[in-house]
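For reference, the chains in residue letters:
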2 protein chains.
Amino acid sequence: MNNFEFQNPVKVLFGKGQIENIANEIPENSRVLVLYGGGSIKKNGIYKQVMSALNAFTVFEYGGIPANPEYGVLMGAYKMIQEKNIDFLLAVGGGSVIDGTKFLSGAATFSGEDPWQILTEGIPTLKGMPFGTVLTLPATGSEMNSGAVITKADTKEKRVMGGKGLFPVFSVLDPLVVKSIPTRQLQNGVIDAYVHVLEQYLTSTHPAKLQDRFSEGILQTLIEVGPEIVKDPSNYELAANFMWSCTMALNGLIQKGVPTDWATHMIGHELTALHGIDHARTLAIIGPNLYQHQFENKQDKLAQYGKRVWGLTGTDNQKLAEEALNKTIAFYHLMGMKTKLSENADNFENTSQIIFERFAERGWNELGENKTIGPKEAKEIVEMAY
Amino acid sequence: MNNFEFQNPVKVLFGKGQIENIANEIPENSRVLVLYGGGSIKKNGIYKQVMSALNAFTVFEYGGIPANPEYGVLMGAYKMIQEKNIDFLLAVGGGSVIDGTKFLSGAATFSGEDPWQILTEGIPTLKGMPFGTVLTLPATGSEMNSGAVITKADTKEKRVMGGKGLFPVFSVLDPLVVKSIPTRQLQNGVIDAYVHVLEQYLTSTHPAKLQDRFSEGILQTLIEVGPEIVKDPSNYELAANFMWSCTMALNGLIQKGVPTDWATHMIGHELTALHGIDHARTLAIIGPNLYQHQFENKQDKLAQYGKRVWGLTGTDNQKLAEEALNKTIAFYHLMGMKTKLSENADNFENTSQIIFERFAERGWNELGENKTIGPKEAKEIVEMAY
């Protein structure tokens with residue numbers, strides 16, 4: 001097991017009716033900026049619940065943060081933070097709104113010239129403006145971690161940021177929000193969480209047995225509840241299991257002490273930036289091809305995954321691994337994913353070449369748990385996905 | 001799934017050589033009181049490593065905290081904290097030293113007359129004196145939770161305390177310590193952690209699927225590494241899995257959103273108080289009899305446990321549950337436990353009656369996840385264990 005540090009200070013308020021408790025978690029007399037997305041929270045009643053819970057505070061709001069939170073849009077909120085002397089941020093939304101809020105938390109305390117530097121120069125945020133979240137879309141785990149992904153539209157870039165200052169002070173996880181999520185977003189949420197686990201699990205084998213068991217437990221739960229929650233999103237118990245699985249998939253716990261991959265994400269981000277494909281769907285396109293490309297490194301773990309998660313039997317690891325891969329693709333299809341790039345984008349023929357060039361330009365030569373994925377391999381994987 | 005709040009701010013420093021990093025986690029100019037037990041840390045080199053890491057601080061020490069940390073002994077350290085103006089505590093030991101340090105953390109900030117009131121009146125510690133831990137004996141999970149159990153020798157009492165002020169600021173988990181732990185303590189550690197999980201898992205069934213999977217993962221890991229670590233305590237990877245499993249068994253995560261039992265512990269504590277039996281061994285004596293006594297309530301969960309953890313097959317839940325119980329007892333025996341009270345104590349005949357009276361006196365009428373265990377049931381369970 002690798003040495004590790006683990007600390008996750010987020011206070012999770014989980015369950016029905018928890019939104020009304022947020023006032024207890026925000027410092028008195030705070031000037032709160034509520035951030036949200038396209039306005040679905042005004043239709044499903046969450047906006048009203050949040051505003052009612054905040055009635056003792058001076059509240060401002062900034063809506064319209066798009067999926068793949070966009071730098072230009074966020075800079076509008078950044079201006080507002082300064083003009084209105086905001087001192088507490090509240091994200092009400094899914095991963096995009098929460099990630100956008102993390103950017104603002106970091107930008108508000110950034111001493112450099114241009115907040116975009118945080119992303120291009122990889123500057124960690126050690127102390128950000130405090131913020132809470134009310135999660136409306138289980139998927140990314142952003143509500144209980146300290147990372148964010150930000151998009152710049154004009155240059156078609158997706159960049160990551162992080163740092164221990166970017167943990168939410170609190171996060172409300174009320175499974176009642178799930179019933180008003182559209183099918184496509186539910187599908188995306190399940191697959192996003194599933195691939196988060198695979199990035200931290202489907203590597204070369206290693207001696208950290210408990211972390212493997214936890215990862216397998218999340219995968220098994222998602223396999224069990226994923227197809228059901230899509231059919232019956234108002235089932236509270238399914239929603240609760242779905243929601244908690246998404247959070248646990250990326251709150252830092254299962255990655256401690258083990259090698260991690262993340263190359264599927266790095267390639268997938270490019271597909272979103274270039275073609276606007278939903279994040280989760282890029283993972284379903286790239287992942288299986290990446291595992292196939294790295295089959296030799298991952299074969300034994302794929303076999304373990306096949307046996308423990310999919311209940312496969314046998315002793316031939318190669319066969320088990322192949323079968324596990326097929327089970328995975330079938331699960332993605334069952335969850336409404338189309339796993340070929342050609343099914344998700346027009347004019348995709350240059351994609352592999354562009355990704356090759358971007359990887360080369362950034363010096364991304366050693367991605368994956370064995371540092372075996374560079375520009376050439378990324379290009380090959382993308383072409384396998386055509 | 002039940003509503004829950006979850007927050008665990010402990011910073012875990014896991015792995016080889018982490019002791020030397022503790023100085024970074026303690027505020028500058030602290031006056032540190034190092035607390036330890038019977039002195040084994042002076043033989044195995046840990047004392048030296050800790051003192052060397054603390055050389056920039058003003059350091060005092062207080063050794064001799066016994067297993068089942070004793071109020072009278074702790075009050076000696078309490079006096080020292082006041083006389084020496086201590087402002088940071090460092091527990092170097094197992095669960096007993098850490099629990100004792102938690103008591104001191106709470107006592108140091110307690111505004112009442114007598115710190116023993118914290119335990120008799122169940123007063124939560126919301127802000128204690130800050131403390132860190134260097135774990136030398138994986139077992140109790142105390143290094144990553146906010147609870148403690150304290151013993152009073154003159155009245156033969158074991159009492160619990162807790163509160164969000166009792167989380168360690170940091171805990172060092174260095175698996176290298178495992179190699180110098182005596183066999184009996186290793187056996188106890190495995191069983192203690194195992195029963196911690198069962199208290200939070202082996203209840204009536206409930207809809208929280210992910211929590212069940214995590215619990216099953218810890219149990220499977222302990223079953224896998226437990227017998228091996230006893231044979232080969234200097235195997236680092238076994239030690240690391242054992243250590244992390246013990247911590248995860250009782251850091252609050254797996255109990256969130258689910259019913260919990262804890263009656264095995266409440267009865268077991270009395271066996272330690274009355275007969276001085278090792279804590280883990282009391283759990284191995286009581287647990288299986290309690291599950292048998294509560295068979296109707298727990299049968300379906302026992303069957304699930306049998307299938308998922310022990311790999312049993314079949315569809316008859318009663319048979320599966322019985323077989324799972326037998327597997328559990330066999331595992332306890334394999335781990336060196338003697339599961340009858342008569343094998344662990346002389347003059348035990350009055351035990352059930354004394355426990356009946358103590359339970360009655362304290363009004364413990366509704367223990368267990370279904371509130372079905374009171375004085376009469378505790379008496380019956382203890383007699384089943386004779």
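Residues numbered from 1 in each chain as written. Chains lettered and ligands numbered in written order. Predicted model: local features only at pLDDT ≥ 70, side-chain atom pairs only at ≥ 80, totals over all residues.

Let us look at the overall build of chain A. Scanning chain A from terminus to terminus reveals 14 helices and 8 strands. The C-alpha radius of gyration computed for chain A amounts to 20 Å, which stays within 12% of the reference 21 Å derived for 386 residues, consistent with globular compactness. Taking the principal axes of its C-alpha atoms as reference, chain A extends roughly 65 × 45 × 45 Å. Split into buried and exposed, the 386 residues of chain A put 58% on the buried side. (Helix = DSSP H or I, 4+ residues; strand = E, 2+ residues; numbered from the N terminus. Rg over C-alpha atoms; globule rule 2.2 N^0.38 Å. Buried ≥ 20, exposed ≤ 12 C-beta atoms within 10 Å, placed from the backbone.)

Glancing now at unusual backbone geometry. Residue and element names in this part refer to chain A. Residue asparagine 29 is not a glycine yet carries a positive backbone phi of 65°. Tracing the backbone shows asparagine 29 in the loop between β1 (4–14) and β2 (31–35). Backbone geometry at lysine 371 places phi at a positive 55°, although glycine is not the residue there. Looking at the secondary structure, you find lysine 371 in the loop between α13 (351–362) and α14 (375–384).

Our next topic: the domain arrangement of chain A. Residues and elements named next belong to chain A. When its domains are assigned, chain A resolves into domain 1 (11–176) and domain 2 (182–384). Relative placement of domain 1 and domain 2: their C-alpha centres are 26 Å apart. Taken together, the contact between domain 1 and domain 2 spans 17 residues of the former and 23 residues of the latter. Contributions of two or more residues to the side of domain 1 that touches domain 2 are made by β6 (147–152) and β7 (157–162). Class assignment for the residues of the side of domain 1 that touches domain 2 results in 8 nonpolar, 5 polar and 4 charged. (Domains from an automatic or database assignment. Contact = placed C-beta atoms within 7 Å. Nonpolar A, V, L, I, M, F, W, Y, C, P; charged D, E, K, R; others polar.)

Another aspect to go through is the interface of chain B and chain A. The extent of an interface is frequently quoted as the accessible surface area lost upon association of the parts. Counting from both sides, the interface comprises 34 residues of chain B and, opposite them, 34 residues of chain A. When contributions to the side of chain B that touches chain A are tallied by element, the ones reaching two or more residues are β1 (4–14), α7 (209–231) and α8 (236–249) of chain B. Looking at the side of chain B that touches chain A, its residues break down into 17 nonpolar, 10 polar and 7 charged. In this structure, β1(A) lies alongside β1(B), joined through 7 bridges in antiparallel fashion. Within β1(B), the residue paired with A:Phe14 across the bridge is B:Phe4. (Pairing = 2+ DSSP bridges.)

Taken together, 12 strands build an open sheet; the order of strands is β3(A)-β2(A)-β4(A)-β5(A)-β8(A)-β1(A)-β1(B)-β8(B)-β5(B)-β4(B)-β2(B)-β3(B) and the sheet is mixed. In this open sheet, the two strands that pair with only one neighbour each are β3 (58–62) of chain A together with β3 (58–62) of chain B. For this sheet the average axis-to-axis angle between neighbouring strands, irrespective of direction, equals 25°. Taken strand by strand, helix α4 (residues 95–108) of chain A contacts β2, β4 (88–93) and β5 (131–135) of chain A, and its axis lies near 165° from that of β4(A). (Axes fitted to C-alpha atoms, helices over the stretch in contact; angles between N-to-C directions.)

A separate point is helix α2 (residues 46–53) of chain A. Residues and elements named next belong to chain A. Taken residue by residue, α2 has Ile46, Tyr47, Gln49, Val50 and Ala53 as its buried positions. The arc that holds every buried residue of α2, seen down its axis, measures 165°, which confines them to one face. Of the residues in α2, the exposed ones pointing more than 90 degrees away from the buried face are Lys48 and Ser52. Against β2, α1 (40–43), β4 and β5 lie the buried residues of α2. (Arc of directions from axis to C-beta.)

Take the packing of helix α11 (residues 295–308) of chain B against helix α12 (residues 317–334) of chain B next. Residues and elements named next belong to chain B. Close contact between α11 and α12 brings their axes to 7 Å; oriented N to C, the two are set at 75°. Comparing their axes, α12 and α11 come out roughly perpendicular. Contacts between α11 and α12 involve Phe295, Gln299, Asp300, Leu302, Ala303, Tyr305, Gly306 and Lys307 from the first element and Asn317, Gln318, Leu320, Ala321, Glu323, Ala324, Leu325 and Lys327 from the second. Looking at the contact of α11 with α12 residue by residue, the class counts come to 8 nonpolar, 4 polar and 4 charged. (Parallel < 35°, antiparallel > 145°, perpendicular 65-115°, else oblique.)

Packed helices, taken two at a time, are described by the angle between their axes plus the distance between the axes. Residues and elements named next belong to chain A. Running from N to C, helix α9 (residues 263–275) and helix α10 (residues 279–293) cross one another at 130°; their axes reach a closest spacing of 8 Å. Classified by the interaxial angle, the pair formed by α9 and α10 is oblique. Crossing angle aside, the handedness with which α9 passes α10 is right-handed. Contacts from Ala263, Thr264, His265, Ile267, Gly268, Leu271 and Thr272 in α9 reach His279, Thr282, Leu283, Ile285, Ile286, Gly287 and Leu290 in α10. (Left-handed = near helix turned anticlockwise from the far one by under 90°.)

All names here are of chain B. As judged from the 6 bridges shared by strand β6 (residues 147–152) and strand β7 (residues 157–162), these two strands associate in the antiparallel manner. Bridge assignment links isoleucine 150 to a residue of β7, and that residue is arginine 159. The loop that links β6 with its antiparallel partner β7 comprises 4 residues; one of these, lysine 156, has a positive phi angle of about 50°.

This part takes up the environment of B:Gln304. Residue and element names in this part refer to chain B. Structurally, glutamine 304 is set in helix α11. A count of 19 C-beta atoms within 10 Å places glutamine 304 in the partly exposed class. The sequence separation of glutamine 304 and threonine 205 amounts to 99 residues, and the corresponding C-alpha distance is 9.0 Å.

This part is about the pairing of strand β5 (residues 131–135) of chain B. Every other side chain in a regular strand lies on the same face of the sheet, so the side chains alternate between the two faces. Residues and elements named next belong to chain B. Counting buried positions along β5 yields 5 of 5 residues, so the element is predominantly enclosed. Taken together, the 5 bridges between strand β4 (residues 88–93) and β5 define a ladder with parallel strand orientation. In the sheet register, alanine 91 faces β5, and the bridge partner there is threonine 133.

So, on to the relation of the copies chain B and chain A. For the match of chain B to chain A, the screw axis carries a shift of 0.0 Å, the RMSD comes to 0.0 Å, and the turn is 180°. Interpreted geometrically, this transformation is the action of a two-fold axis. If distances are taken from each C-alpha of chain B to the rotation axis, the shortest is found for B:Pro9, at 2.2 Å. Of the residues that chain B buries at the interface, 100% are likewise interface residues in chain A, meaning the two copies contact each other through the same surface. (Least-squares fit on C-alpha atoms with pLDDT ≥ 70 in both.)

Here we take up helix α6 (residues 183–201) of chain A. With 19 residues, α6(A) should reach 27 Å at 1.5 Å per residue; the first-to-last C-alpha distance of 27 Å fits that figure. Among the 19 residues in α6(A), 17 count as buried, and that is most of the element. (Expected span 1.5 Å × (residues − 1).)

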